[in-house]
Number of protein chains: 2
Amino acid sequence: MALKERQTVADIGEFGLIERFAARLGAPPEGETWAGDDSAVLRAPGSTLLYTTDLLIEAIDFDMGYASGADIGWKALAVNVSDIAAMGGRPHHAVVGLGLTADCPLDTADRILDGLLSAASRWGVQLVGGDISSASALVLYVALIGVAEAEPIRRSGARPGDAICVTGVLGGAAGGLALLRAGAAVEEAARRRLVARQLRPEARLEEGRRLAALGATAMIDVSDGLIGDLVHLLDASELGCSVVPEAVPVDPDLVPLREVLDPLEAALTGGEDFELLFTLAEDTVQRARESLAELGTPVTRIGATQEGSRRLLGDGPLDAAGEGGWDHLRTR
Amino acid sequence: MALKERQTVADIGEFGLIERFAARLGAPPEGETWAGDDSAVLRAPGSTLLYTTDLLIEAIDFDMGYASGADIGWKALAVNVSDIAAMGGRPHHAVVGLGLTADCPLDTADRILDGLLSAASRWGVQLVGGDISSASALVLYVALIGVAEAEPIRRSGARPGDAICVTGVLGGAAGGLALLRAGAAVEEAARRRLVARQLRPEARLEEGRRLAALGATAMIDVSDGLIGDLVHLLDASELGCSVVPEAVPVDPDLVPLREVLDPLEAALTGGEDFELLFTLAEDTVQRARESLAELGTPVTRIGATQEGSRRLLGDGPLDAAGEGGWDHLRTR
């Protein structure tokens, strides 16, 4: 008896796969149409829409040697939800694009959808359609429509003298990546937490909404690295800053990884932690801390904005410290 | 003196390229934010949204041996506009994702944006943001939000006894692809028209809106091939049909290509013509013809729907004739 060969996506074809995926999206409410037509038909979730997209490509943004289909699906949605979170909004409807090699196991495609649907369920997102193509490497993107119920928190709204704060702890995603790539002697629970930060990032959605309600003046998610993203926020707000390196909340799980990577450097430039970096009036920091403590999320004040172009990290220039940050086209 | 090497996208980096692109999007109206934040902020264009996406991948959906950057950018937007047209809607806001090899000439990236912006201007679409990644082959997608001012025309609304009609002429995009791939002795003007059908497709946007207003019962754009797309429409409407092959409007420019491809077969299964295939009451066909004649677009009745599961193309089964249609994961 020959072993049954593993079924590939080519065996069921583009339209078979679309039908298989569409069947798992659930039933749309009256008046809406999701997959199965030229475009989805949706009720607008509000009068002010948020709109974002992120693209993940195999061997660039993830490695199928260590990321499962479900990890990739989860992350593709999470990073988009994080963008909506950083505006203080709420995500609603997503379309998904998937480029697959013809020999991709059908099981892998199913697991990618599993991951997308788990993340969608986690953050109240509805997948409403998409596109499938063949490709020479796995390509996955999500485009996400959200809604802003109040004024969205832009990067450009910081005022001189605002506190600069960040949620959670930083550097864990970089630590997880180092573990996946090189390995290191780390206690199992810490290993699991670090790897999850890399493969299964959380979007700080409720945190973003609370910070918006508390009057955060500017906000961005930490995707490229703390320093790089802070520079984006300061550039948009046309401000300087003074940041205290000792105040930066380094992920405690990085301590046993010191042989492999510098914990503070990972926290400053590692990227992909998807914490929220935000500014707000100094006299509101304590209230933000208390509000997010209810969600189990620490808030740390790492410095303050200031008029002018001086940007300091301790005694040195802040921008120079961010040069290790992620640039898709430059970092090889 | 050494020749200056051609500048690549890696020379200016992801953030340089984002800034370069963002500068060309124009200025958003009061209250909107486009590129440059975590997500775009938009006013909802209406209460019923249309939402679609299409992904194009190098060597699968286009070949950079014959398609310029501007061609690829144009087509990526046009195919999405066509999806909105097939609902009878109007396109509004698009995000764009671009995966580039690090050695991609900066000029190619600029030309892709040229093509996107030309098509956006042609159909009143605003590009509002996107994402850039590195990739091992060029990847380009658009996700497009449109608006339905009246009830969207779905694939599922056809009634038994409706006329089946199609706009324009068919097979030209397949003819253009054959010319680009193999060449053939064709008069220059015809060659130009066929190649344009493949590389610079038109979306039948105003046609779709007029057909919706005239009471089209179901509509789909011809992207996979006439037969394949008709089967999608009939499946969604749970109907049979009788189609007259002699009535199918074959692109007249295909006649001199007879040595290379069968014109009727190209019209039936060629795909990518982006004409509109629709059903409507028999007594409205003449009005549709007159209305679209004002736009210079012919309307041809190719058959009728009928109760039950019989689907005929002349004397043979319709579905079998569509097996040459495009399936991304099966067609190699």
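Residues numbered from 1 in each chain as written. Chains lettered and ligands numbered in written order. Predicted model: local features only at pLDDT ≥ 70, side-chain atom pairs only at ≥ 80, totals over all residues.

A.B. asks: Give me the lowdown on the overall build of chain A, citing residues and values where you can.
C.D. replies: Along its length, chain A carries 10 helices and 12 strands. For 332 residues, the compact-globule estimate of 2.2 N^0.38 gives 20 Å, and the C-alpha radius of gyration of chain A, at 21 Å, lies within 12% of that figure. With respect to the three principal axes, the spread of C-alpha positions in chain A is 70 × 50 × 35 Å. Each of the 332 residues in chain A was classed as buried or not, and the buried ones make up 58%. Partitioning the contacts of chain A with sequence separation of at least 6, the portion at a separation of at least 24 is 85%. (Helix = DSSP H or I, 4+ residues; strand = E, 2+ residues; numbered from the N terminus. Rg over C-alpha atoms; globule rule 2.2 N^0.38 Å. Buried ≥ 20, exposed ≤ 12 C-beta atoms within 10 Å, placed from the backbone. Contact = placed C-beta atoms within 7 Å.)

A.B. asks: Account for the domain arrangement of chain A, with residues named and values stated.
C.D. replies: All names here are of chain A. Looking at the assigned domains, one finds that chain A contains domain 1 (9-147) and domain 2 (155-322). Using C-alpha coordinates to define each centre, domain 1 is positioned 27 Å away from domain 2. The partner domain 2 presents 18 residues to the 15 residues of domain 1 that form the contact. Per-element accounting of the side of domain 1 that touches domain 2 gives the leading share, 9 residues, to helix α2 (residues 69-85). (Domains from an automatic or database assignment.)

A.B. asks: Tell me about the sheet that holds strand β11 (residues 311-313) of chain A, residues and numbers included.
C.D. replies: All names here are of chain A. Pairing in this open sheet of 7 strands is mixed, and the strands run β7-β9-β6-β10-β8-β11-β12 from one edge to the other. Whereas interior strands pair on both sides, the edge strands pair on one side only; in this sheet they are β7 (218-221) and β12 (316-317). With 4 bridges connecting them, strand β8 (residues 240-243) and strand β10 (residues 299-306) associate as antiparallel partners. Looking across to β10, one finds that Cys241 is bridged to Thr305. Across the sheet, helix α7 (residues 226-237) touches β6 (163-167), β7, β8, β9 (276-280) and β11, and the angle it forms with β7 is around 150°. (Pairing = 2+ DSSP bridges. Axes fitted to C-alpha atoms, helices over the stretch in contact; angles between N-to-C directions.)

A.B. asks: Residues and numbers for the packing of helix α4 (residues 172-182) of chain A against helix α5 (residues 188-199) of chain A, please.
C.D. replies: Residues and elements named next belong to chain A. Interhelical geometry of α4 versus α5 gives an angle of 105° and a closest axis separation of 7 Å. With respect to each other, α4 and α5 are oriented roughly perpendicular. From α4, Gly172, Ala173, Gly175, Gly176, Leu177, Leu179 and Leu180 reach across to α5, where they touch Arg191, Arg193, Leu194, Val195, Arg197, Gln198 and Leu199. Across the contact of α4 with α5, the residue classes break down as 7 nonpolar, 4 polar and 3 charged. (Parallel < 35°, antiparallel > 145°, perpendicular 65-115°, else oblique. Nonpolar A, V, L, I, M, F, W, Y, C, P; charged D, E, K, R; others polar.)

A.B. asks: I'd like a rundown of the relation of the copies chain B and chain A, residues and numbers included.
C.D. replies: Between chain B and chain A, the superposition needs a rotation of 180° and an axial shift of 0.0 Å, giving an RMSD of 0.0 Å. Considering both components of the superposition, the chain copies are consistent with a two-fold axis. (Least-squares fit on C-alpha atoms with pLDDT ≥ 70 in both.)

A.B. asks: An account of the pairing of strand β4 (residues 126-134) of chain A is needed here, citing residue identities and associated values.
C.D. replies: Residues and elements named next belong to chain A. With respect to burial, β4 is a largely interior element, 9 of its 9 residues being buried. Strand direction decides the pairing type here: strand β3 (residues 90-100) and β4, joined by 8 bridges, are parallel. Bridged to Leu98 within β4 is Ile132. Crossover connection from β3 via helix α3 (residues 106-123) to parallel β4: handedness right-handed. (Right-handed = clockwise from strand over helix to strand, strands pointing away.)

A.B. asks: Please set out the interface of chain B and chain A residue by residue, giving values where relevant.
C.D. replies: Of the residues lining the interface, 66 residues belong to chain B; the matching set on chain A comes to 67 residues. Elements with a minimum of two residues in the side of chain B that touches chain A: α1 (9-22), β1 (40-43), β2 (48-57), α2 (69-85), β3 (90-100), β4 (126-134), β5 (139-147) and β7 (218-221) of chain B. Counting residues per element, the side of chain B that touches chain A draws most heavily on β2(B), at 9 residues. Residues of the side of chain B that touches chain A, tallied by class, amount to 34 nonpolar, 19 polar and 13 charged.

A.B. asks: Run through α4(A), naming residues and quoting values.
C.D. replies: In an α-helix there are 3.6 residues to a turn, and that puts residues three or four apart on one side. Residues and elements named next belong to chain A. The element α4 is largely enclosed, with a buried count of 8 among its 11 residues. Turning to α4, its buried residues number three or more, namely Gly172, Ala173, Ala174, Gly175, Gly176, Leu177, Ala178 and Leu179. Those residues of α4 that are buried lie in contact with α5 and α8 (263-269). Immediately downstream of α4, the backbone of Gly183 shows phi near 75°, a positive value.

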